[in-house]
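The primary structure of each chain is shown beneath.
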Amino acid sequence: MRLTKKEKELLGRQYAEGLFWGHVESPADIPALKKRRDWQEAPEFERRNIISELATMARDELLKAGHNRETVLRFVGQYIRHW
């Protein structure tokens with residue numbers, strides 16, 4: 001599955017907004033992502049990598065916006081993979 005940088009940024013922002021408003025818990029729950037055929041057909045390891053990237057981007061956006069670090073990490077930390 002290939003997402004452009006612009007698509008990743010948009011999905012990361014959508015995830016951050018979903019977390020802020022309380023209607024999205026996981027990056028995999030983003031409606032725009034769930035509708036994509038390539039997402040539905042992607043192997044599990046690719047999905048995990050994309051989820052991690054989107055969670056990292058959302059974390060950065062929320063921290064940049066001034067949200068509490070511990071709260072942000074509590075919501076997105078479980079999705080961020082560290083290599």
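Residues numbered from 1 in each chain as written. Predicted model: local features only at pLDDT ≥ 70, side-chain atom pairs only at ≥ 80, totals over all residues. Heavy atoms only, no water.

Visitor: Please explain the nonpolar core as it appears in this structure.
Guide: As a rule of thumb, nonpolar side chains are buried together in soluble globular proteins. With 19 residues, the main nonpolar core has Leu11, Tyr15, Ile30, Leu33, Leu54, Ala55 and Val76 as its most contacted residues. At the level of secondary structure, the elements contributing two or more residues to this core comprise helix H1 (5-21), helix H4 (44-64) and helix H5 (69-76). The biggest single contributor to this core is H4, with six residues. Residues in contact with leucine 33, not counting those within four places in the same chain, are Met1, Leu11, Pro27, Ala28, Trp39 and Leu54. (Core = buried A, V, L, I, M, F, W, Y, C linked by side-chain atoms within 4.5 Å. Buried < 20%, exposed > 50% of the residue type's maximum accessible area, 1.4 Å probe, protein only. Helix = DSSP H or I, 4+ residues; strand = E, 2+ residues; numbered from the N terminus. Contact = heavy atoms within 4.5 Å.)

Visitor: What is the right way to read the packing of aromatic side chains from this model?
Guide: Think of a pair of aromatic rings as described by two things: how far the centres are apart, and how the planes are tilted against each other in angle. In the structure shown here, the tally under the stated rule is one aromatic pair. Ring centres of phenylalanine 20 and tryptophan 21 lie 4.9 Å apart, and the angle between their planes is 85 degrees; on these two criteria the pair is classed as edge-to-face. Taking the ring centre of tryptophan 39 as reference, the NZ or CZ of arginine 47 above it sits at 5.1 Å. (Phe/Tyr/Trp six-rings, centres within 6.5 Å; stacked < 30°, edge-to-face > 60°. Lys NZ or Arg CZ within 6 Å of the ring centre and 35° of its normal.)

Visitor: Explain the pattern of salt bridges here, please?
Guide: If the charged atoms of two oppositely charged side chains come close together, the side chains can form a pair. One pass over the structure, following the stated rule, counts six salt bridges. A salt bridge links glutamate 7 to arginine 36, with the shortest nitrogen-to-oxygen separation between them at 3.2 Å. With glutamate 7 in helix H1 and arginine 36 in the loop between helix H2 (31-34) and helix H3 (37-41), the pair connects residues that are 29 residues apart, well separated along the chain. On the basis of relative accessibility, which here comes to 29%, the residue glutamate 7 falls in the partly exposed class. (Salt bridge = Lys/Arg side-chain N within 4 Å of Asp/Glu carboxyl O.)

Visitor: Would you mind showing me how to read the packing of H1 against H4 here?
Guide: Packed helix pairs are specified by the crossing angle of their axes together with the interaxial distance, meaning the distance between the axes. For the pair H1 and H4, the least separation of the axes is 8 Å and the interaxial angle reads 65 degrees. In the crossing of H1 with H4, the sense of the turn from one axis to the other is right-handed. Residues Lys8, Glu9, Leu11, Gly12, Arg13, Tyr15, Ala16 and Leu19 of H1 form the contact with H4, whose own contacting residues are Glu53, Leu54, Ala55, Met57, Ala58, Glu61 and Leu62. Looking at the contact of H1 with H4, its residues break down into nine nonpolar, one polar and five charged. (Axes fitted to C-alpha atoms, helices over the stretch in contact; angles between N-to-C directions. Left-handed = near helix turned anticlockwise from the far one by under 90°. Nonpolar A, V, L, I, M, F, W, Y, C, P; charged D, E, K, R; others polar.)

Visitor: Please explain the environment of valine 72 as it appears in this structure.
Guide: The topology assignment puts valine 72 in helix H5. Spatially, the C-alpha atom of valine 72 lies 23 Å from that of lysine 34, the residues being 38 residues apart in sequence. Residue contacts for valine 72: discarding those within four places in its chain leaves Arg59, Leu62, Leu63, His67 and Gly77.

Visitor: What exactly am I supposed to notice about H1 here?
Guide: For an α-helix the count is 3.6 residues per turn, leaving residues at separations of three or four pointing the same way. For H1, built from 17 residues, the straight-helix expectation of 24 Å at 1.5 Å per residue is met to within 8% by its first-to-last C-alpha distance of 24 Å. Listed as buried for H1 are Leu11, Gly12, Tyr15, Ala16, Gly18 and Leu19. Each buried residue of H1 sits inside an arc of 160 degrees when the element is viewed along its axis, so together they form one side. Seen from the buried face of H1, the exposed residues on the opposite side, beyond 90 degrees, are Lys6 and Trp21. Two residues or fewer past H1, glycine 22 is found with a positive phi of approximately 80 degrees. (Expected span 1.5 Å × (residues − 1). Arc of directions from axis to C-beta.)

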